[in-house]
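# Analysis of the macromolecular model
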Amino acid sequence: MQLNHTIAFVTGGASGLGNATAARLARYGAKVILVDLADHGEQAALDIGVNAVFARCDVTSEDQINAALDLAEARFGRVNAVVNCAGVAIARRTLSKRGAHDLASFQKVLAVNVAGTFNVIRLAAARMAINEPNEGKERGVIVNTASVAAYDGQVGQAAYAASKGAIVSMTLPIARDLAGLGIRVCTIAPGVFATPMLAGLPEQARQTLEAMVPFPSRLGDPDEYGHMVQHIIENAMLNGETIRLDGALRMPPR
Ligand SMILES: NC(=O)c1ccc[n+]([C@@H]2O[C@H](COP(=O)([O-])OP(=O)(O)OC[C@H]3O[C@@H](n4cnc5c(N)ncnc54)[C@H](O)[C@@H]3O)[C@@H](O)[C@H]2O)c1
């Protein structure tokens, strides 16, 4: 799919990987809908320009996502790409001095990262299904965000790793479900990227993280994530796969 024919619904679009992706896609000709809980999404859309609009909503809400899809269709005619970047992370051990991992925070991470991602996919797919296919018979592309934690979860990452593992696992069955409609589904599993999620880290911790990455030994630039999304949108043979984007990083236990 060409970017100048792409209307992308980007969750987590107010910050980090989602924001960098929305900005990049818009720079190369796409229209973008920034979908986020955070109020500064309004300013983020203004910063991108006339090809961006903000929809404040929670990815776990059916009504709010449908309203955001309505807004996107009213503004840009249709939606033919989804980039799921909204997500939350916690660090908590299964058992610690504070006692057993609380169930509520485990369920919250699963609710946002897994159910939220699936909620957006299912509702957007229903809209894409009625799109006029392009010359390659494509009606849409969906890109999800997992993490290397899906494979190498560290100490304290039971909830986060479980949520990202679920995103990896549902990629192929959803791609199979939607193949007959000409809708592709891929997932990116990032290593460590310089976003607000990591901004709070002390300099020493940042340097330690960078040193763990074999090459290039640095944090990823969020625009490099956006570049991968761009490639998935443009390359029609990519489907049903999870791509690690991590400079060969394999996370150690801690
Ligand atoms: N930064 C990294 O190194 C890294 C590595 C691996 C995976 N990831 C994943 O990439 C994604 C983006 O991470 P980031 O680093 O850009 O984080 P970020 O915190 O900068 O951005 C996440 C955005 O998601 C939004 N959000 C959270 N819950 C939401 C909800 N229920 N509904 C709507 N919006 C919601 C937040 O408001 C925020 O704007 C996440 O899924 C994260 O797990 C990030």
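Up top is the structure.
Summary of the structure given here.

On to the site of the ligand. Around the ligand, the structure places 28 residues, and the nearest of them are Ser15, Asp36, Tyr160, Phe193 and Thr195. Within the contact set of the ligand, an oxygen atom lies 2.6 Å away from a side-chain nitrogen or oxygen of aspartate 36. Between a nitrogen atom of the ligand and a main-chain N or O atom of valine 59, the distance comes to 3.0 Å. Protein contact buries 91% of the 830 Å² of open area that the ligand shows by itself. For the shell around the ligand, the elements supplying multiple residues, two or more each, are α1 (16–27), α5 (158–179) and α6 (196–199). Per element, the largest residue contribution to the shell around the ligand is three residues, and it comes from α6. Considered class by class, the residues forming the shell around the ligand number 17 nonpolar, eight polar and three charged.

Turning our attention to the side chain of aspartate 246. In this fold, aspartate 246 is placed in the segment after β9 (242–245). Separated by 2.9 Å, the side chain of aspartate 246 and the backbone nitrogen of alanine 248 make a polar contact. Among the polar contacts listed, one links the side chain of aspartate 246 to the side chain of arginine 250, at a separation of 3.1 Å. Apart from the residues within four sequence positions on either side, aspartate 246 is in contact with Val148, Gly191 and Val213.

This part is about the nonpolar core. In summary, soluble globular proteins display a tendency toward joint burial of nonpolar side chains. If you look at the biggest cluster of nonpolar residues, it comprises 35 residues, and the most contacted ones within it are Phe9, Ile33, Ile65 and Ile142. For this core, the secondary structure elements donating two or more residues are β1 (7–11), β2 (31–36), β3 (52–56), α3 (62–76), α4 (103–128), α5 and β8 (183–190). A total of eight residues in this core trace back to one element, the largest contributor, which is α4. Each residue touching phenylalanine 9, except ones within four places of it in the same chain, is listed here: Ile33, Val35, Ile65, Ala68, Leu69, Val79, Ala81, Val82, Val83 and Val120. If you look at the next biggest cluster of nonpolar residues, it comprises 30 residues, including Val10, Val32, Phe54 and Leu238.

Next up on the list: unusual backbone geometry. Negative phi is the rule for most residues except glycine; trans is the rule for most peptide bonds. Residue proline 216 follows phenylalanine 215 across a cis peptide bond; omega there is -10°. Relative to the helices and strands, proline 216 resides in the loop between α7 (203–212) and α8 (222–234). Positive phi is not limited to glycine here, since lysine 137 has a value of about 70°. Residue placement: lysine 137 occurs in the loop between α4 and β7 (140–145). The phi dihedral of alanine 248 falls on the positive side, at around 70°, and the residue is not glycine. When you line up the elements, alanine 248 lands in the segment after β9.

Reading the values: rules and limits
- Residues numbered from 1 in each chain as written.
- Predicted model: local features only at pLDDT ≥ 70, side-chain atom pairs only at ≥ 80, totals over all residues.
- Heavy atoms only, no water.
- Near = heavy atom within 4 Å.
- Polar contact = N/O pair within 3.5 Å; in protein donor to acceptor, adjacent residues only side chain to side chain.
- Areas by Shrake-Rupley, 256 points an atom, 1.4 Å probe, with all protein chains shown as cover.
- Helix = DSSP H or I, 4+ residues; strand = E, 2+ residues; numbered from the N terminus.
- Nonpolar A, V, L, I, M, F, W, Y, C, P; charged D, E, K, R; others polar.
- Contact = heavy atoms within 4.5 Å.
- Core = buried A, V, L, I, M, F, W, Y, C linked by side-chain atoms within 4.5 Å.
- Buried < 20%, exposed > 50% of the residue type's maximum accessible area, 1.4 Å probe, protein only.

On their own, these measurements won't tell you what the molecule is for.
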